[in-house]
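The chain contents come next:
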Amino acid sequence: MSGLSLVFDTPQLAQDYEVRSAERQFRHGQRLIAELGVRAGEHVLDIGSGTGLLAEHVAGIVGPTGKVLGIDPLPLRVEIAQRKAKANISFRVGNAYALDELPSGSFDVVYLNAVFHWLPEKTEPLRQIHRVLRPGGRIGLTTGAKDHPHRLQAIKKQVLSREPYARYPESQAGTPHWVTAEELSGLLGGAGFAVQKIEAQENVQYQPDGRAAIAFSQASSFGNFLGHLPESLRSQAIEDIQRELEAFRTPEGIRLEGKRLFAIAHKPASH
């Protein structure tokens, strides 16, 4: 959202994300929606809606009397999402730092699926989400756990600490801003939410090979995975990371394990 490096996204990355996210982010999002108890007739805001897969799923739940709005800062992904637009679902370019145009108390549910770590400053978005939720409204989010990074993140960090890559430190704007469960609880509580659940869940995925693992990270980070490196070094960095990933390949593929935070909270009815 605000402050992120959005210039690296391409039509190919956007289309890759539409395909690659179906087996991971979309499935995690479906569980988040079930936990939030989204019902027919509710108004729902999807922040960081990407290509619209999860928002489309939610539109099917809220039905013709409900409404889903998806916002995302990446125009190429919003363009794909808009193909899914119907009477009860719409998409627009926007971000979590600019919800002023949305009326107070206008949503029953707001969710951020695999998005929260892309918010460098998190207090203002949570404050705005609190405002647009009706009293008793719910917020749900999934995000990586800062204290449990998965294997690809660790290998990338190791490789980039070496020369010649170490000469080009990653921009803080273009890297994920993970939190711990304790930090997340404090952020939600500080914004006025009553926390119902924060769980650190096992997050295990298998990629067929190193190239597929990196391709997924490129698509889900809208090109920021190695975007800070000069173009002349990116191919070599990919090869170096792939080589180290391949050492962990088994007959099932490359196991990438870490933990994901899964949080549900609500705006107290007295607010």
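Residues numbered from 1 in each chain as written. Predicted model: local features only at pLDDT ≥ 70, side-chain atom pairs only at ≥ 80, totals over all residues. Heavy atoms only, no water.

> Now, about the overall build of the chain: what can you tell me, with residues and values included?
When helices and strands are tallied, the chain shows nine helices and eight strands. A globule of 271 residues ought to have a C-alpha radius of gyration of about 18 Å, and the chain, at 19 Å, matches this closely. Principal-axis analysis of the C-alpha atoms places the extent of the chain at approximately 55 × 40 × 35 Å. In the chain, which comprises 271 residues, the share counted as buried stands at 52%. Across the chain, contacts joining residues at least 24 apart in sequence account for 81% of those joining residues at least 6 apart. (Helix = DSSP H or I, 4+ residues; strand = E, 2+ residues; numbered from the N terminus. Rg over C-alpha atoms; globule rule 2.2 N^0.38 Å. Buried < 20%, exposed > 50% of the residue type's maximum accessible area, 1.4 Å probe, protein only. Contact = heavy atoms within 4.5 Å.)

> With reference to specific residues and values, describe the packing of helix α8 (residues 210–220) against helix α9 (residues 231–246).
Packing of α8 against α9 brings their axes to within 8 Å, and their N-to-C directions diverge by 125°. Our classification of the angle between α8 and α9 gives oblique. Our pair here, α8 against α9, has a crossing hand that is right-handed. Residues G210, R211, A213, I214 and Q218 of α8 form the contact with α9, whose own contacting residues are I238, I241, Q242, L245 and E246. Its residues assigned to classes, the contact of α8 with α9 shows five nonpolar, three polar and two charged. (Axes fitted to C-alpha atoms, helices over the stretch in contact; angles between N-to-C directions. Parallel < 35°, antiparallel > 145°, perpendicular 65-115°, else oblique. Left-handed = near helix turned anticlockwise from the far one by under 90°. Nonpolar A, V, L, I, M, F, W, Y, C, P; charged D, E, K, R; others polar.)

> Provide a residue-level description of unusual backbone geometry, including the pertinent values.
Look at the link from E163 to P164: it is a cis peptide, with omega at 5°. Within the secondary structure, P164 sits in the loop between α6 (151–160) and α7 (181–190). For A114, which is not glycine, the phi torsion reads 55° and is therefore positive. Considering the arrangement of structural elements, one finds A114 in the loop between β4 (107–113) and α5 (123–132). One non-glycine residue, F222, lies in the positive phi region at around 45°. Within the element layout of this structure, F222 appears in the loop between α8 and α9. Given a relative accessible area of 7%, F222 falls into the buried group.

> Explain the environment of P268 to me, and be specific about the residues and the numbers.
With respect to the helices and strands, the residue P268 is situated in the segment after β8 (253–266). Residue P268 is classed as buried on the basis of its relative accessible area of 19%. As a C-alpha pair, P268 and H28 span 240 residues in sequence and 26 Å in three-dimensional space. Sequence-distant contacts of P268, defined by excluding residues within four places in its chain, comprise P135, G136, G192, F193 and A194.

> Which residues make up the side chain of N88, and what values go with them?
Here N88 is to be found in the loop between α4 (75–81) and β3 (89–93). According to the relative accessible area criterion, N88 is buried, its value standing at 11%. A polar atom in the side chain of N88 sits 2.9 Å from the backbone oxygen of G63. Sequence-distant contacts of N88, that is, excluding residues within four places in its chain, are made with A59, V62, G63, P64, G66, K67 and V68. (Polar contact = N/O pair within 3.5 Å; in protein donor to acceptor, adjacent residues only side chain to side chain.)

> Can you break down the layout of surface pockets residue by residue, with the values?
Considering only enclosed or pocket space, the second largest pocket measures out at about 260 Å³ in volume. If you trace the second largest pocket, you find 14 residues lining it, with L13, I214, Q218, G223 and I238 closest to the centre. Among the elements of the structure, α1 (11–20), α8 and α9 are those that each provide at least two residues to the lining of the second largest pocket. Considering every element that reaches the lining of the second largest pocket, the biggest residue donor is α8, with four residues. Grouping the constituent residues of the lining of the second largest pocket by class yields six nonpolar, five polar and three charged. (1 Å grid on protein atoms, 1.4 Å probe; cavity = no way out; pocket = protein on both sides within 12 Å on 5 of 7 lines; lining within 4 Å. Points joined across faces, edges and corners; volume = space filled by probe spheres on them.)

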